[in-house]
Amino acid sequence: MSQVTFAKLATAAISIALSAAATEPADALEFTDSEIRIIRQHSPLGPPPPDPSNRFAEDPAAARLGQSLFFDARFSANNDVSCATCHIPGLGFANGAQRGTGTGGQLTTRHVPTLLNNAYNRWFFWDGRADSAWSQATQPLENPIEHGADRLQIAHLASHTPEIRAAYERVFGSMPDLSDRTRFPEHAAPTPDVSPRARAWRSMSVADQHAVDRVFTNLTKAISAYEREIVSRDSAFDRFAANIGSHESASAIPESAQRGLRLFVGRGNCRLCHSGPNFSDGEFHDTALPRSGGLRDTGRWGGTRRLLMDPFNSGGTFSDGVRPVLRFVAPRQDSSGAFKTPTLRGVARTGPYMHTGQFKTLREVLNFYSTRENIPRTHGEQGIIRRLDFTESELDDLEAFLESLTGRPLPQELLTAPPSPE
Ligand code: HEC
Ligand code: HEC
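Residues numbered from 1 in each chain as written. Chains lettered and ligands numbered in written order. Predicted model: local features only at pLDDT ≥ 70, side-chain atom pairs only at ≥ 80, totals over all residues. Heavy atoms only, no water.

Asker: When you look at the coordination of the iron atom of ligand 2 in this model, what are you seeing that I'm missing?
Answerer: Each donor-metal-donor angle in an ideal tetrahedron of four donors is 109.5 degrees, and each such angle in an ideal octahedron of six donors is either 90 or 180 degrees. Every protein donor of the iron atom of ligand 2 is listed here as His274 (NE2) and Tyr369 (OH), and their distances to the metal cover 1.9 to 2.1 Å. Each of the 6 donor atoms around the iron atom of ligand 2 contributes to a set of angles spanning 87 to 180°, which defines the coordination as octahedral. Of this pair, His274 sits in the loop between α12 (255-265) and β1 (284-285) while Tyr369 sits in helix α14 (residues 362-371), placing them 95 residues apart in sequence. Taking the relative accessible area as the measure of exposure, His274 reaches 10% and is therefore buried. (Donors = N, O, S within 2.8 Å, 3.2 Å for Na, K, Ca; no water. Tetrahedral: all angles 85-135°; square planar, octahedral: opposite > 155°, others 65-115°. Helix = DSSP H or I, 4+ residues; strand = E, 2+ residues; numbered from the N terminus. Buried < 20%, exposed > 50% of the residue type's maximum accessible area, 1.4 Å probe, protein only.)

Structure representation (structure tokens):
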């Protein structure tokens, strides 16, 4: 610890002692000016950043259609899976299990992340293999272990379901005529194999493929417009931060949570990665999780390669504008094993945790940060990630702080299928 920080901590300790003795309410911790400055960087959470790749992102009619698609299990191989099967609204849009269960009972390879505050992400998926929320949504629909649907099945379903078609046309204009089954087969998708679906796709003209891709990506742009409404904000912590230094703030979160906050922005160094109002720097780090079985997951390394090859990335034909970050992306060997820093808003309700789902409780996550043995040697993480040796009461405090990040409940009408997609 530098002498300056030590001096600051000492001053803070003295001021806590003094404030406890004075007329302050017993549960008010006194924060230094520099702590207050840092704490204010975490609150309030403003609106999500614009998405230049989706010009329907703020369109409420697109969001209603997207919400309806989100809950619609017909967009799957066996009518058994919707987005809400794995992203369950009552469980913070995660699923409460280590893995997701897709069509036919298949398990996903990674843990289901929360969708709360998805619109604040710069990259999507644990490995960042998508650079927009709408291009992200194209993947589960065609993933054989998730929805297991295919592009033509999805386009046909949207086209011959009157209420979906009407909602679609209100937002995106007329839907192409897909009725000629020789031009538009029942099932087809550009999978890199020799399956009947892949062959059917290759039999289509480029113009017809393009027309189907347009319908497909418009549907996922609608889903991402809905996701922009799933925002966790106005937590007890935000009420605390808004009034920090005043008497009101003291009652917003328990004293234990305030001590946890001090650790979070101080000795815990948590804020270096869980930074800003969404408690995520949006980037990738190797936290040196203990292996939880299976093959080594290359994380960001594989994710970057897939992002650059994805025809639906924000530099592609179906994007309404390049997301600036795409220009700077390149696979880096040292990003292997790095995963995206998740938001911590709402985190008390979205367990289990990490891309592996290997920690059931927040306490287990905190114990991991406290007692870790193997420190990563990649991209400068050594200096940041170290054994923190928290005491039991410090662990209680950090847990109480993380619990104070649970936001105001979302409006009930966002948590189920809307009465109609229109
Ligand atoms: C079978 C379970 C399952 C289904 C169904 C499913 N997902 Fe997911 N979702 C996951 C898993 C697992 C991940 C993490 C995968 C990874 O990172 O490799 C994920 C990741 C995501 C992410 C990235 C979040 C982030 O922080 O980067 C978004 C957004 C998302 N899903 C939205 C959707 C939408 C929209 C649908 C429906 C079209 C959907 N999911 C269907 C399991 C599922
Ligand atoms: C070097 C960057 C970094 C630092 C420092 C850091 N984290 Fe993390 N945190 C991450 C990443 C990356 C993940 C996801 C890891 C994974 O899944 O492989 C994560 C995951 C988590 C999760 C699980 C969230 C979820 O939804 O799965 C919690 C809780 C958490 N961190 C809290 C903390 C706390 C508390 C501290 C300080 C003691 C801290 N983090 C320090 C980067 C960091």
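Asker: Looking at this structure, I do not really get the pattern of salt bridges. What am I missing?
Answerer: Should the charged atoms of two oppositely charged side chains come close, the side chains can pair. Across all of its chains, the model carries 26 salt bridges by this definition. A salt bridge links Arg262 to Glu35; the shortest N-O distance between them is 2.9 Å. Of the two residues, Arg262 is situated in helix α12 and Glu35 in helix α2 (residues 33-40); the sequence distance between them amounts to 227 residues. For the residue pair Arg262 and Glu35, the accessibility class agrees, reading buried in each case. With its nearest N and O atoms 2.8 Å apart, the salt bridge here joins Arg408 to Asp234. Pair noted here: Arg408 is in the segment after α15 (392-403) and Asp234 is in the loop between α9 (206-227) and α10 (236-242), with a separation of 174 residues, a long-range link. Several salt bridges converge on common partners, so that one network encompasses Arg110, Asp127, Arg129 and Asp297. (Salt bridge = Lys/Arg side-chain N within 4 Å of Asp/Glu carboxyl O.)

Asker: Help me understand the coordination of the iron atom of ligand 1, please; the structure alone is not making it clear to me.
Answerer: From the protein, the iron atom of ligand 1 takes a single donor atom, His87 (NE2), 2.1 Å away. Looking at the element boundaries, His87 is found in the loop between α4 (83-86) and α5 (133-142).

Asker: Help me understand the packing of aromatic side chains in this model?
Answerer: Two measures describe an aromatic ring pair: the distance that separates the ring centres and the angle between the ring planes. Summed over the entire model, instances satisfying the criterion amount to 17 aromatic pairs. Note on Phe70 and Tyr226: the rings are 5.3 Å apart at their centroids and 65° apart in plane angle, and the pair reads as edge-to-face. Here Phe70, found in helix α3 (residues 60-70), pairs with Tyr226, found in helix α9; they are 156 residues apart in sequence, far enough to count as distant. Assessed through its relative accessible area of 1%, Phe70 is described here as buried. Members of the aromatic cluster, connected to one another through ring pairs, are Phe70, Phe71, Phe93 and Tyr226. The side chain of Arg151 reaches across the aromatic face of Trp201, ending 5.4 Å from its centre. Residue placement shows Arg372 over the ring face of Phe368; its charged tip is 4.6 Å from the ring centre. (Phe/Tyr/Trp six-rings, centres within 6.5 Å; stacked < 30°, edge-to-face > 60°. Lys NZ or Arg CZ within 6 Å of the ring centre and 35° of its normal.)

Asker: Looking at this model, I keep getting lost on the nonpolar core. Mind explaining?
Answerer: A general trend in soluble globular proteins is that nonpolar side chains are found buried together. The biggest cluster of nonpolar side chains holds 47 residues, and the ones touching the most others in it are Leu65, Phe70, Phe93 and Val212. Listed by contribution, the elements that provide at least two residues to this core are α3, α4, α5, α6 (151-160), α7 (162-172), α8 (196-202) and α9. Among the elements that make up this core, the one with the highest residue count is α9 (8 residues). Among the nonpolar cores identified, the runner-up in size contains 36 residues, and Leu29, Phe31, Leu344 and Ala400 belong to it. (Core = buried A, V, L, I, M, F, W, Y, C linked by side-chain atoms within 4.5 Å.)

Asker: Help me out: how do you make sense of the site of ligand 2 in this one?
Answerer: Around ligand 2 sit 24 residues, and of these Cys270, Cys273, His274, His355 and Tyr369 come closest. Backbone polar atom of Met354 to an oxygen atom of ligand 2: 2.8 Å apart, as the coordinates give it. Contact distances for ligand 2 include 2.6 Å between an oxygen atom and a backbone N or O atom of His355. Breaking the shell around ligand 2 down by element, the ones donating at least two residues are β2 (339-340) and α14. Among the elements that make up the shell around ligand 2, the one with the highest residue count is α14 (4 residues). Classifying every residue of the shell around ligand 2 gives 16 nonpolar, 7 polar and 1 charged. (Near = heavy atom within 4 Å. Polar contact = N/O pair within 3.5 Å; in protein donor to acceptor, adjacent residues only side chain to side chain. Nonpolar A, V, L, I, M, F, W, Y, C, P; charged D, E, K, R; others polar.)

Asker: I tried to follow the site of ligand 1 on my own but got confused; where do I start?
Answerer: Near ligand 1 there are 27 residues, and of these Cys83, Cys86, His87, Phe125 and Lys340 occur at the shortest range. Here His87 contributes a side-chain N or O atom positioned 2.9 Å from a nitrogen atom of ligand 1. Between Glu146 and ligand 1, the recorded distance is 3.3 Å, taken from a side-chain N or O atom to a nitrogen atom. Per-element tally for the shell around ligand 1: the top contributor is α5, with 3 residues.

Asker: How do you make sense of the environment of His156 when you look at a structure like this?
Answerer: Its place among the elements puts His156 in helix α6. With 102 residues separating them along the chain, His156 and Asn54 place their C-alpha atoms 23 Å apart. A polar atom in the side chain of His156 sits 3.0 Å from the backbone oxygen of Pro185.

Asker: Sorry if this is basic, but what is going on with the packing of α3 against α9 here?
Answerer: Packed helix pairs are characterised by how far apart their axes lie and by the angle those axes make with each other. Axis separation between α3 and α9 bottoms out at 7 Å; the angle between their running directions is 100°. Taken together, the axes of α3 and α9 are roughly perpendicular relative to one another. In this structure, α3 contributes Ala62, Ala63, Arg64, Leu65, Gly66, Gln67, Leu69 and Phe70 to the contact, and α9 contributes Leu219, Ala222, Ile223, Ala225 and Tyr226. Split by residue class, the contact of α3 with α9 holds 10 nonpolar, 2 polar and 1 charged. (Axes fitted to C-alpha atoms, helices over the stretch in contact; angles between N-to-C directions. Parallel < 35°, antiparallel > 145°, perpendicular 65-115°, else oblique. Contact = heavy atoms within 4.5 Å.)

Asker: What is the right way to look at the domain arrangement of the chain in this model?
Answerer: Frequently, the measure chosen for interface size is the accessible area that the parts lose on association. Assigned domains within the chain: domain 1 (3-48 + 233-403) and domain 2 (60-231). With 45 residues of domain 1 at the interface, the matching set in domain 2 holds 39 residues. Summed over the shared surface of domain 1 and domain 2, the number is 3 salt bridges. As a salt-bridge pair, Glu283 and Arg122 come within 2.5 Å of each other at their nearest N and O atoms. Here domain 1 and domain 2 share 21 residue pairs in polar contact (both at pLDDT 80 or more) between them. Elements supplying a minimum of two residues to the side of domain 1 that touches domain 2: α13 (300-309) and β2. (Domains from an automatic or database assignment.)

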